[in-house]
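# Chains, contacts and geometry: an overview
What follows is each chain in one-letter form.
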Amino acid sequence: MAADTQAAAAIRPAKPPSATAEIWDSLKQNKGAVAGLVVLVLVVLVAVFADFLAPYAPYNAPGWPDAGHPGHVGQPPAWVEGGSWEFILGTDKSGGRDVLSRLIYGARYSLGIGLTVMAVSMLLGVILGLIAAYVGGWFDFVLMRLMDLIMSIPDLVLSMVIVAILQPGLVPTVAAITIVFLPRYVRIVRAAALGELSKDYVTAATVVGVKPPRLLFRTILPNCMAPLIVQATLGVSDAILQAAALGFLGMGAQPPIPEWGAMLSDVRQDIQSAPWLAIAPGICILITVVAINLFGDGLRDALDPKLKRG
């Protein structure tokens, strides 16, 4: 009897892997995506634990009395003559603030901008895209022409105009980039939803009386998530770059906030005399954006069977 049970278990078909397991298995085959994910996780950990990792405060504020070091203003990195290991990446020329500490806290601001822009623009894009696909008619026409108008203007130019209207700052930067990136999500969700609305399972759900909100958000939306997830991942890196560009132009986060783009703007006049002040935040932006793009490309390949590498 035991032998029969073992034989039956041997011929029983194996349980198919879950969709998450299949995506992870495909993602693991892309070494670039894995490397990007590892770097991204490290950057996120640095941003989350900045209070514990930064040796000094990023700028002068109540409760942060050690931000400035007047006796070490403009000190070079430790490996350059005149530097010391007390300030590994040196100090800036605005009171002698520690560059390493500002970079660590800058990860929190830059990633925060990228994630906030992605979350808000994706949420609005999902709602507007689903409604446009379902309702159609004049609403769909007006919405899509508005999205076309936004996309017809260069991203940086439109962001600068919106920030100029709202006044430069962290919140206006997030609002401006969110508006600029909104059409991407609206168009992706609308196109995917239009493809799903003609399928039999949607017709069946409509016949049995499923209400529109449930039909859109519980039935159709889950089948539109693959391209949306990829766009959201890549949208974080685009938002970080856009925020850095606005910060460099003096229209993004304002001093003394240590956003990486704003840090670059602060040292424009010192690039020749103290190049390390510009190199450090530039490298942070480069590494973070490349890591997110590598992970996003791998995630796209894993979610779309047509793009999976052979």
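Up top is the structure.
Residues numbered from 1 in each chain as written. Predicted model: local features only at pLDDT ≥ 70, side-chain atom pairs only at ≥ 80, totals over all residues. Heavy atoms only, no water.

### Quick look at the packing of aromatic side chains
Aromatic ring pairs are defined here through the distance separating the ring centres and the angle between the ring planes. Enumeration according to the criterion identifies three aromatic pairs in this entry. A ring pair is formed by W138 and F139, whose centres lie 6.1 Å apart and whose planes are at 80°; its orientation type is edge-to-face. Here the guanidinium or amino end of R145 rests over the ring plane of F141, the centre of that ring lying 5.2 Å away. Between the NZ or CZ atom of R268 and the centre of the ring of F248, over which it lies, the distance is 5.4 Å. (Phe/Tyr/Trp six-rings, centres within 6.5 Å; stacked < 30°, edge-to-face > 60°. Lys NZ or Arg CZ within 6 Å of the ring centre and 35° of its normal.)

### Considering the pattern of salt bridges
Using the criterion set out here, one finds 11 salt bridges in the structure. D51 is paired through a salt bridge with R108; the nearest N and O atoms lie 3.6 Å apart. You can see D51 sitting in helix 4 (residues 50-53) and its partner R108 sitting in helix 5 (residues 99-135), a full 57 residues away along the chain. Accessibility expressed as a relative area gives 46% for D51, which makes it partly exposed. Here R108 falls in the partly exposed class, since its relative accessible area comes to 30%. One salt bridge in this structure joins D92 and R97, with 2.8 Å as the shortest N-O distance. An identical accessibility class is assigned to D92 and R97; each is buried. (Salt bridge = Lys/Arg side-chain N within 4 Å of Asp/Glu carboxyl O. Helix = DSSP H or I, 4+ residues; strand = E, 2+ residues; numbered from the N terminus. Buried < 20%, exposed > 50% of the residue type's maximum accessible area, 1.4 Å probe, protein only.)

### A look at helix 11 (residues 225-248)
Its 24 residues place the ends of helix 11 34 Å apart at the C-alpha level, agreeing with the 34 Å of an ideal helix rising 1.5 Å per residue. Its maximal kink placed at G235, helix 11 deviates by approximately 25°. Downstream of helix 11 by one or two residues, G250 has phi in the positive range, about 80°. (Expected span 1.5 Å × (residues − 1). Bend = angle between axes of the 7 residues up to and from the residue.)

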